[in-house]
Amino acid sequence: MRRRATDYRRPVRRRFSYWICALLGVFVVAVLVLFVVHHNHNEDRVEHPVHEEDSRLERDVHEKLNFTEEILSATSLSRQLAEQMTLAKAYVIIAKEHNNFYLAWELSSKIRSCQLLLSKAAMRGSPITLEEAEPIISRLSSLIYKAQDAHYDIATTIVTMKSHIQALEERANAATAQSTVFGQLVAEAFPKSLHCLILKLSGDWLKRLPLQDLANEQRNSPRLVDNNLYHFCVFSDNVLATSVVVNSTISNADHSKQMVFHIVTNGVTYGAMQAWFLSNDFKGAMIEVQNIEEFSWLNVSYAPIVKQLLDADSRAYYFGENPDVEPRLRNPKYIALLNHLRFYIPEIYPQLEKIVFLDDDVVVQKDLTPLFSLDLHGNVNGAVETCLEAYHRYYKYLNFSNPIIRSKFDPQACGWAFGMNVFDLVAWRKANVTARYHYWQEQNADKTLWKLGTLPVGFLAFYGLTEPLDRRWHVLGLGYDLNIDNRLIESAAVIHFNGNMKPWLKLPIGRYKPLWERYINLSHPYIQDCATS
């Protein structure tokens, strides 16, 4: 069948109404969604700044609150609580003394509440509120009024607190004196390991005859009196400490074979000292060991110190238990011959011209040979001055109320240190320093010019004859000062363990002990055996 022409066809019905409804529905939903989103966004914009502002303020309170300032503020509740608590503590003591234990218990209870509130405020970082403080303040005020009403007035409080302070001071002084005694005992005690080492070495000296033959040969060595060499002297009865001094000196020297060490010890440790230095290698350095008991010239008729050793009063002063004498002054080392031998160096070594004296509690960290070329400008003693602090001036060591001292010495004169000293023995003999030492020792027979040690008499004997050295030559205090600057220690040529906390004792200062121990041969069988015995 033939199709109709286009003009005669029936028009198609178009369904636009469905599409329009669908579009309108989508539009309405979109409008609703946008409205809801916009509304929520506005609420968030209002709420979030409030929360952020609150948290920021809270952080600022935590960051800005300084509880120390808070408790010191005159208007703060924290300060009011702290002051009431202090007063309440005083009344607790007074109430107990008057047998009012119930009042003391009530006060103590409120004091604990007060402490708890203060600690909570400090922990949370916010001030104490009036609601928190008011119950405690009012109750404490009531209890304090009750205590005052019980005739615990201010006068009673002051008298009671004074008596308690006095009692505490007496206890503190007794504890200080006791600790001084204990410290002195530790300092004087000879460790068992050192006793063990001396016994083993003394046995070697007695059994090994070749060692004694070698010692006899070295007695006449020309190196001992050769003034072209570098001479050092050490006076000690401590084998291990003396070994550290010698070993540290040669380990840091440029020319150890040109060094000569003159050691003087007592009869007890002479054999041990000889055995140790003859049996071990010290890089070619010459080492001489002498026994002080063989110095026949050091007798009562010549040396005042020997006379004092035999004097009953002196022995009672240094070795007795006189309560009038301070414990630190009763140390026998102050009257020991080895300690005073430093004033007889020209007599011991009559052919030497210059020598460096080293204490047995020093460690050498730099080459000491440049000391021998220093110009002492005609002086006898080259030493490091110690008057950077006021207590190292003459008036702190000597009795300037004595007319002899007052007429001859300047109380503000600068002190100096024994322990590392370079001595010009030619100038020493010319100035007759030993005779000056003898004079002052005799003047101080009654111990009224100075109390202890060799340093005060050294100040007198070498007065006007001491050349100050650069401080880096000799740094002191490693036996008592915990806070020496590491840079000062590292720059020092000699470090000195002066004080009671020696590195070979049981109570050394731990941070300094490795500086001493590095010069001990810990692999030596005797050292190992005695350390574990």
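The structure displayed is predicted, hence computed values, not measured ones.

### Digging into the packing of aromatic side chains
Two descriptors summarise a pair of aromatic rings, namely the distance from one centre to the other and the angle between the planes of the rings.
Okay, so step 1: Evaluation of the coordinates by the stated rule reveals 31 aromatic pairs.
Okay, so step 2: Look at Trp416 and Phe462: their rings are 5.9 Å apart centre to centre, the planes differ by 85 degrees, and that puts the pair in the edge-to-face class. Within this pair, whereas Trp416 is found in the loop between α15 (403-408) and β7 (420-424), its partner Phe462 is found in the loop between α18 (455-461) and β8 (466-469), the two being separated by 46 residues in sequence.
Okay, so step 3: Given a relative accessible area of 3%, Trp416 falls into the buried group.
Okay, so step 4: Note that Arg342 overlies the ring of Phe418, its terminal NZ or CZ placed 4.8 Å from the centroid.

### Regarding the pattern of salt bridges
When the charged atoms of two side chains lie near each other, side chains of opposite charge can form a pair.
Okay, so step 1: Going through the model one piece at a time under the given rule, you end up with eight salt bridges.
Okay, so step 2: Linking Glu106 and Lys146 is a salt bridge whose minimum nitrogen-to-oxygen distance equals 3.4 Å. With Glu106 in helix α4 (residues 101-124) and Lys146 in helix α5 (residues 130-149), this residue pair connects regions lying 40 residues apart in the sequence.
Okay, so step 3: When its relative accessible area of 9% is taken as the criterion, Glu106 is described as buried.
Okay, so step 4: Its relative accessible area of 41% is what places Lys146 among the partly exposed residues.
Okay, so step 5: Asp359 is the salt-bridge partner of Arg342, the closest N and O atoms lying 3.4 Å from each other. With Arg342 in the loop between α13 (337-340) and α14 (345-348) and Asp359 in the loop between β4 (354-358) and β5 (362-364), the pair connects residues that are 17 residues apart, well separated along the chain. Comparing Arg342 with Asp359 shows no difference in burial state: the two are buried.
Okay, so step 6: The structure contains a network of salt bridges with shared partners spanning Glu106, Arg139 and Lys146.

### A few points about the pairing of β4
Okay, so step 1: Extensive coverage of β4 is indicated by the burial of five of its five residues.
Okay, so step 2: Taking every second residue as pointing to the same face, both faces of β4 are buried, with Lys354, Val356 and Leu358 on one and Ile355 and Phe357 on the other.
Okay, so step 3: Across two bridges, strand β1 (residues 230-235) lies against β4 in parallel orientation. Looking at β4, one finds that Phe232 is bridged to Val356.
Okay, so step 4: Judged from the five bridges that link them, β4 and β7 form a sheet pairing that is antiparallel.

### Section: the state of the cysteines
Okay, so step 1: A full pass over the atoms with the stated rule returns two disulfides.
Okay, so step 2: The disulfide bridge from Cys196 ends at Cys530, spanning 2.1 Å between sulfur atoms. The sign of the -75 degrees torsion about the S-S bond sets the Cys196-Cys530 disulfide as left-handed. In this pair, Cys196 sits in helix α7 (residues 192-207) while Cys530 sits in helix α21 (residues 525-532), placing the two residues 334 residues apart along the sequence. The two residues Cys196 and Cys530 agree in class, both being buried.
Okay, so step 3: There is a disulfide in this structure between Cys387 and Cys414, and the S-S distance comes to 1.8 Å. Taking the sign of the S-S torsion, about -95 degrees here, the bridge from Cys387 to Cys414 comes out left-handed. Here Cys387, found in the loop between β6 (381-384) and α15, pairs with Cys414, found in the loop between α15 and β7; they are 27 residues apart in sequence, far enough to count as distant.
Okay, so step 4: The class of Cys387 is buried, set by a relative accessible area of 16%.
Okay, so step 5: Given the relative accessible area of 18%, Cys414 is considered buried.
Okay, so step 6: Here the protein pairs its bonded cysteines, counted in sequence order, in the arrangement 1-4, 2-3.

### Considering the environment of Gly419
Okay, so step 1: If you trace the backbone, Gly419 turns up in the loop between α15 and β7.
Okay, so step 2: In this structure, Gly419 is in contact with Phe357, Leu358, Asp359, Val362, His474 and His496, ignoring residues within four places of it in sequence.

### Description of α4
Residues spaced three or four apart along an α-helix point in a common direction, a consequence of the helix completing one turn every 3.6 residues.
Okay, so step 1: Compared with an ideal rise of 1.5 Å per residue, which puts 24 residues at 34 Å, α4 spans 35 Å between its outermost C-alpha atoms and is within 8% of the ideal.
Okay, so step 2: A positive backbone phi angle near 75 degrees is found at Gly125, which sits one or two residues after α4.

Reading the values: rules and limits
- Residues numbered from 1 in each chain as written.
- Predicted model: local features only at pLDDT ≥ 70, side-chain atom pairs only at ≥ 80, totals over all residues.
- Heavy atoms only, no water.
- Phe/Tyr/Trp six-rings, centres within 6.5 Å; stacked < 30°, edge-to-face > 60°.
- Helix = DSSP H or I, 4+ residues; strand = E, 2+ residues; numbered from the N terminus.
- Buried < 20%, exposed > 50% of the residue type's maximum accessible area, 1.4 Å probe, protein only.
- Lys NZ or Arg CZ within 6 Å of the ring centre and 35° of its normal.
- Salt bridge = Lys/Arg side-chain N within 4 Å of Asp/Glu carboxyl O.
- Pairing = 2+ DSSP bridges.
- Disulfide = S-S within 2.5 Å.
- Contact = heavy atoms within 4.5 Å.
- Expected span 1.5 Å × (residues − 1).

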